Amino acid sequence: MRIHLIAIGIRMPRWVQLGYDEYARRMPRECELVLKEIVPGKRSKNSDVRRIIRDEGRCMLAVIPPSSHIVALDLAGPNWSTAQVAEALSRWQNTGTDLSLLSGGPEGLSEECKTSTAETWCLSRLTFPYPLVRIIVAEQLYRAWSILRNHPYHRCA
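An account of the accompanying structure is given in this report. (Residues numbered from 1 in each chain as written. Predicted model: local features only at pLDDT ≥ 70, side-chain atom pairs only at ≥ 80, totals over all residues. Heavy atoms only, no water.)

## Description of the pairing of strand E3 (residues 69-73)
Then step 1. With 5 of 5 residues buried, E3 is to be regarded as a mostly interior element.
Then step 2. For E3 and strand E4 (residues 99-103), the ladder comprises 4 bridges, and the chain directions are parallel. Each bridged residue has a counterpart across the sheet, and for Ile 70 the counterpart in E4 is Ser 100.
Then step 3. Regarding the hand of the β-α-β motif, the stretch spanning E3, helix H3 (residues 82-95) and E4 is right-handed.
Then step 4. Bridging between E3 and strand E5 (residues 119-121) involves 3 bridges; their strand directions are parallel. Each bridged residue has a counterpart across the sheet, and for Leu 73 the counterpart in E5 is Trp 121. (Buried < 20%, exposed > 50% of the residue type's maximum accessible area, 1.4 Å probe, protein only. Helix = DSSP H or I, 4+ residues; strand = E, 2+ residues; numbered from the N terminus. Pairing = 2+ DSSP bridges. Right-handed = clockwise from strand over helix to strand, strands pointing away.)

Put into structure tokens, the structure is as follows:
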């Protein structure tokens, strides 16, 4: 299974890239984590933000692999514990299809993205900078994998 993290934003700060890369590198081949960056719409004081979000959403949907199980990262979803993330990862692996996680920009995901998903996952009720979401998702997926494989990472952190 490949896990596609489809995220708004390009050219992230070095600390974001290093954090994401650290956990993506740790993921095994059976759960390869692949980042697909989407160019954000240009925002200014007088921007049509609804149009920008809609356009970003269409770009995100266009890069989702066929037959992929789609999960929106959105506040409207359930706020899972780490053990529940591990259960979800196990369930996703058992489908035999790729997984696509959609991570929106500063204003979140388009309605089209939200309605195209099979399920929704809320990382936290806290508000995170959208670049930080990449690191959190990568770390939680690695932690979930470590729980499923009885790897010592989960017990050490």
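Moving on from the coordinates now.
## Digging into the side chain of Thr 117
Then step 1. Secondary-structure assignment places Thr 117 in the loop between helix H4 (111-115) and E5.
Then step 2. Only 2.9 Å separates the side chain of Thr 117 from the backbone oxygen of Lys 114, close enough to count as a polar contact.
Then step 3. Apart from the residues within four sequence positions on either side, Thr 117 is in contact with Ile 70, Val 71, Ala 72 and Leu 102. (Polar contact = N/O pair within 3.5 Å; in protein donor to acceptor, adjacent residues only side chain to side chain. Contact = heavy atoms within 4.5 Å.)

## As for unusual backbone geometry
Then step 1. Of note in the backbone geometry, Arg 11 takes a positive phi value of approximately 50 degrees without being a glycine.
Then step 2. With respect to the helices, strands and loops of the structure, Arg 11 is situated in the loop between strand E1 (2-8) and helix H1 (14-26).
Then step 3. Relative accessible area serves as the criterion here: at 72%, Arg 11 is assigned to the exposed category.
Then step 4. For Ser 67, which is not glycine, the phi dihedral falls at a positive 65 degrees.
Then step 5. The residue Ser 67 is located in the loop between helix H2 (49-62) and E3 in this model.
Then step 6. Ser 67 gets classed as exposed once you look at its relative accessible area, which sits at 61%.

## A look at H2
Then step 1. Taking 1.5 Å as the rise per residue, H2 with 14 residues should run 20 Å; its terminal C-alpha atoms sit 20 Å apart, in good agreement.
Then step 2. Those residues of H2 that fall on the buried side of the exposure criterion are Ile 52, Ile 53, Glu 56, Gly 57 and Met 60. One side of H2 carries all its buried residues, which in axial view fall inside an arc of 135 degrees. Opposite its buried face, H2 presents the exposed residues Arg 50 and Ala 62, each directed more than 90 degrees away. (Expected span 1.5 Å × (residues − 1). Arc of directions from axis to C-beta.)

## Quick look at the environment of Trp 92
Then step 1. Looking at the element boundaries, Trp 92 is found in helix H3.
Then step 2. A sequence separation of 49 residues divides Trp 92 from Arg 43, and the C-alpha atoms of the two residues are 35 Å apart.
Then step 3. Dropping the residues within four chain positions of it, Trp 92 is found in contact with Met 1, His 69, Val 71, Trp 80, Thr 97, Leu 99, Glu 119, Trp 121 and Leu 141.
Then step 4. A distance of 2.8 Å separates the side chain of Trp 92 from the side chain of Glu 119, its partner in a polar contact.

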